[in-house]
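Geometric and topological summary
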Amino acid sequence: QVQLVESGGGLVQAGGSLRLSCAASGSIFSINAMGWYRQAPGKVRVLVATITSDGSTNYANSVKGRFTISRDNAKNTVYLQMNSLKPEDTAEYYCNARVARSRSSGYTDYWGQGTQVTVSS
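Residue positions within a chain follow its written sequence, with the count starting from 1. The predicted origin of the model limits local features to residues at a pLDDT of at least 70 and limits the giving and counting of side-chain atom pairs to 80 or more, whereas totals for whole chains, interfaces and linings rest on all residues. Calculation of side-chain values draws on the structure's entire complement of heavy atoms; hydrogens and water are dropped beforehand.

The next point concerns the environment of serine 53. Helix and strand assignments follow DSSP, with helices taken as H or I runs no shorter than four residues and strands as E runs no shorter than two, numbered in order from the N terminus. On the secondary structure map, serine 53 appears in the loop between β5 (46–51) and β6 (57–59). When a residue's accessible area, from a 1.4 Å probe over protein chains only, is under 20% of the maximum for its type it is buried; when over 50% it is exposed; and in between it is partly exposed. What makes serine 53 partly exposed here is its relative accessible area of 41%. As a C-alpha pair, serine 53 and lysine 64 span 11 residues in sequence and 20 Å in three-dimensional space. Excluding its chain neighbours within four sequence positions, the residues that come into contact with serine 53 are Ile31, Asn32, Arg71 and Asn73. Here a residue-residue contact requires only that any non-hydrogen atoms of the pair lie within 4.5 Å.

Pairing between the strands of a sheet is mediated by backbone hydrogen bonds and can be parallel or antiparallel. Strand order in the open sheet formed by four strands is β1-β3-β8-β7, with antiparallel pairing between adjacent strands. Both outer strands of the open sheet, β1 (2–7) and β7 (67–72), are each paired with one neighbouring strand and no more. Between one strand and the next, the sheet's axes are offset by a mean angle of 15 degrees, whatever the strand orientation. Pairs of strands are assigned from DSSP output, requiring at least two bridges between the strands. Inspection of the sheet shows strand β3 (residues 18–26) paired to strand β8 (residues 77–82) by six bridges, in the antiparallel sense. Note on β8: the bridge partner recorded for arginine 19 is glutamine 81. Every angle, taken between N-to-C directions, lies between 0 and 180 degrees, and every axis is a line fitted to C-alpha atoms, over only the stretch in contact when it is a helix.

It is worth spelling out the pattern of salt bridges at this point. For this document, the term salt bridge refers to a Lys or Arg side-chain nitrogen within 4 Å of an Asp or Glu carboxyl oxygen. Evaluated as defined, the whole model comprises three salt bridges. With a shortest N-O distance of 3.0 Å, arginine 38 and aspartate 89 are connected by a salt bridge. Placement of the pair is arginine 38 in strand β4 (residues 30–39) and aspartate 89 in the loop between β8 and β9 (91–100), with a sequence separation of 51 residues. Note that arginine 98 and aspartate 109 form a salt bridge whose closest N and O atoms lie 2.9 Å from each other. Of this pair, arginine 98 sits in strand β9 while aspartate 109 sits in strand β10 (residues 107–111), and the two are 11 residues apart along the sequence. Residue arginine 98 is classed as partly exposed on the basis of its relative accessible area, which comes to 37%. On the basis of relative accessible area, aspartate 109 is assigned to the partly exposed category, the value being 35%.

Counting 30 residues, the largest nonpolar core has Trp36, Leu80, Met82 and Tyr93 as its most contacted members. Only β1, β3, β4, β5, β7, β8, β9 and β11 (115–120) provide two or more residues apiece to this core. Element by element, the count of residues in this core is highest for β9, at five residues. With residues up to four places along the chain from it excluded, the contact list for methionine 82 reads Gly16, Ser17, Leu18, Leu20, Arg66, Phe67, Tyr93 and Val117. Each nonpolar core is a collection of buried residues, namely Ala, Val, Leu, Ile, Met, Phe, Trp, Tyr and Cys, held together in the definition by side-chain atoms within 4.5 Å.

Written out as structure tokens, the structure reads:
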């Protein structure tokens, strides 16, 4: 099995910063892309940012210039540095990793349990 454990969420005032972390563990041969998604109450889950194993990144337009995704391949960990936070960033944030459990297996998407980020105005 593969587990993703997130940390770093919380309550912050508008304009503040938070850093989310997500560590993958378990039966892992390799990890392709890792990323962060978020889901606000009553809304669908949407992409925030992704990063490939070679460091290529992709961001939602709403967070470009404010959020930075990074990863430590040796630790199977992905980070999301969130600056200049806005009330509309309030959501449950989910970590995602595309994992191969062996050399011969394909990649499967795994998800963390979510961490709440609340930005007060």
